[in-house]
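Structure at a glance
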Amino acid sequence: MAEKKNDGKKTSSQSKKTASKSSTKTNVNRVVKAAKKYDADKSVKDNSSAIAGVVSAAATSAKRAQNKKQRKFFAALTVILIIAIIAVAVYGYFNGWFDGVFGGNNFGGNEVNSQTYNAEVIKQQGLSIHFLELGNKYVGDSVYIKAGETDILIDAGSRQDSAKTITKYINQYVTDNKLEYVIATHAHEDHVAGFYSTASSKGIFDNFKVDTIIDFALSEKTYGGETIGANTVLGKYLKYRDMEIDEGAAHYTAAQCFDEKDGAKRVYQLSGDVELEILYNYYYFNYDLNSKGNINAGENNYSVCCMINHKAGDGTVNHYLFTGDLEASGEEKLVDYYNGGSNRNVKPLPQCVLYKAGHHGSKTSSTTKLMSAIKPKYVCVCTCAGTSEYTSIDENQFPTQDFIDRVAPYTDKVYVTSQVDNYVDKGWSSNGTVKPMNGNVVFTWADGKAVMYFSNNDILLKDTEWFKKNRITPPEWK
């Protein structure tokens, strides 16, 4: 019998096998390609679109499979993936991943227990941080901290008559008429005027005994060895500071503290679980000069920068950051020092649970570089929202649109002490008055989450009427 010859053409059976292999390869490649979009460095939450893509690819492969065996395999794979994604969705729902979809926000991890202000309850906390209203219409800073039996005051703005308001407030907590630590961040009236006295009003240095004073190392007024006028803000501050030193207070500049010279410390133990750390600032050691070598106007970059490190009861260490009025160039140098990747044995800036907004929420502070380094969860702004004290440009009035946009990716828990009460063309007039926004804001920590107290209300900045009328809501807050 003559042998049948194969003329090079594939039989029907061979064609089916080849097509089946090609189909299998195509279907597998489809799933693999989708799986490659999964980023192992991201969370499951952030990979949700990649996971959905794998499920879709598996389902498509099941539909297009050439034989029963393939269809069963890809159908089973699809079912397994759907079960997995449902499990992830359930887990994510209870962990706040979808708050932004269901009417909440994307900051489910930033829980806060809001309480009406009650000094007797607050006294029971081991650590409390108080952002104060200042009794007048002017922008300024004053932060009181109670750590165990230790009392700390950072700044005493905004005008000299604020001393009366500050004194009345902190006397609720100070039991021995003594402040263990006073920090004067820089030589601007809205930060130090309440420290000195006048003929009609006693200042903080006259109202309290002070153990240790830490203040700015440099001032634009001291550049070139100029004489400081006795009636200037800086002159009056130095006079009453030196009187306090004569009565026994220890005094160190922030530069001495950072360098641990002349008896100063970089870290002060405030209580068993709370410490005060003086951070690096390039402008402790260098004047703020422009490209021509001339002194830049202003005191902001000379601000004392410090951090409260708090060993919380749940075993974690919380960090609370205070940078005075430090501006962009100072913030850049601060981050570069700690996070610059040099070979110095320096720990990077940690994530900060609490951040006092730099420079009252101005456009020149709270830069993207600093925010991305500290990723704040709660932000308190010491200011009068909407004041045109410094500018008539609406978007640049504190807290500015730029500040809001840069903080928004990290938190919507932003609180403001005060706001302008009467407006003249959406601004502030010489006859302007002020009213509370959140009022005095007190931050504490208990049972693994923030517990905050407000003398006026606990409304987030984004939900205030002032914000709705004067600011644009960033995407992260919608």
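What this report covers is the structure whose coordinates are included nearby.

The rules behind each value
- Every chain begins its residue count from 1, and numbering advances along the sequence as written.
- pLDDT decides what is reported in this predicted model: residues at 70 or higher carry local features, side-chain atom pairs at 80 or more are listed and counted, and totals for whole chains, interfaces and linings draw on all residues regardless.
- Each side-chain value is derived from all of the structure's non-hydrogen atoms; neither hydrogens nor water enter the calculation.
- Geometry of aromatic contacts follows a simple scheme: Phe, Tyr and Trp rings, the Trp one being its six-membered ring, pair when their centres are within 6.5 Å, and the pair is stacked under 30 degrees between planes, edge-to-face over 60, tilted otherwise.
- Note on criteria: charge over ring means Lys NZ or Arg CZ within 6 Å of the ring centre, with the direction from the centre no more than 35 degrees off the ring normal.
- One bridge is not enough; two strands pair if DSSP finds at least two bridges between them.
- Secondary structure follows DSSP: runs of H or I at least 4 residues long count as helices, runs of E at least 2 residues long count as strands, and numbering of each begins at the N terminus.
- Note on method: axes are straight lines fitted to C-alpha atoms, helices fitted across the in-contact stretch only, with angles between N-to-C directions ranging 0 to 180 degrees.
- In this description, a nonpolar core means a group of buried Ala, Val, Leu, Ile, Met, Phe, Trp, Tyr and Cys residues linked to one another through side-chain atoms lying within 4.5 Å.
- Burial status follows relative accessibility: with a 1.4 Å probe on protein chains alone, a residue under 20% of its type maximum counts as buried, one over 50% as exposed, and anything between as partly exposed.
- Note on contacts: a residue pair qualifies if any of its non-hydrogen atoms lie within 4.5 Å across the two residues.
- Expected span of a helix: the number of residues minus one, times 1.5 Å.
- Arc, as used here, means the arc of the directions from the helix axis to the C-beta atoms.

Okay, the packing of aromatic side chains next. A full pass over the atoms with the stated rule returns 23 aromatic pairs. Members of the aromatic cluster, each reached through a chain of ring pairs, are Phe258, Tyr280, Tyr284, Phe285, Tyr337 and Tyr338. Above the face of the Tyr138 ring, Arg159 is positioned so that its terminal group lies 4.0 Å from the ring centre. The ring of Tyr282 has Lys333 lying over it, and the distance from NZ or CZ to the ring centre is 5.0 Å.

Moving on: the sheet that holds strand S8 (residues 267-271). The strand order across the open sheet built from eight strands is S8-S9-S10-S11-S12-S13-S14-S15, with neighbouring strands paired in mixed fashion. Every other strand in the sheet has two partners, leaving S8 and strand S15 (434-436) as the edge strands with one partner each. Mean inter-strand twist for the sheet, computed between neighbouring axes without regard to direction, equals 20°.

Counting residues in hydrophobic clusters, the biggest one holds 74 residues, and the most contacted among them are Ile129, Tyr320, Phe322 and Phe443. If one sorts the elements of this core by residue count, strand S13 (residues 378-385) sits on top with six residues. Setting aside anything within four residues of it in sequence, one finds Phe322 in contact with Ile129, Phe131, Val143, Ile145, Ile154, Val304, Cys305, Cys306, Ile308 and Lys356. Listed in part, the 34 residues of the second largest apolar core include Leu132, Val192, Ile204 and Leu238.

For the rest of this paragraph, the subject is helix H10 (residues 328-339). Given a rise of 1.5 Å per residue, twelve residues ought to cover 16 Å, and the 16 Å separating the end C-alpha atoms of H10 matches this to within 8%. Along H10, the positions that sit buried rather than exposed are Gly330, Glu331, Leu334, Val335, Tyr337 and Tyr338. In a view along the axis of H10, the buried residues occupy a sector of 160°, so they form one face of it. Elements that come into contact with the buried residues of H10 comprise helix H9 (254-259), strand S12 (354-356) and helix H11 (368-374). Once H10 finishes, Gly341 follows within two positions and takes phi at roughly 75°, a positive value.

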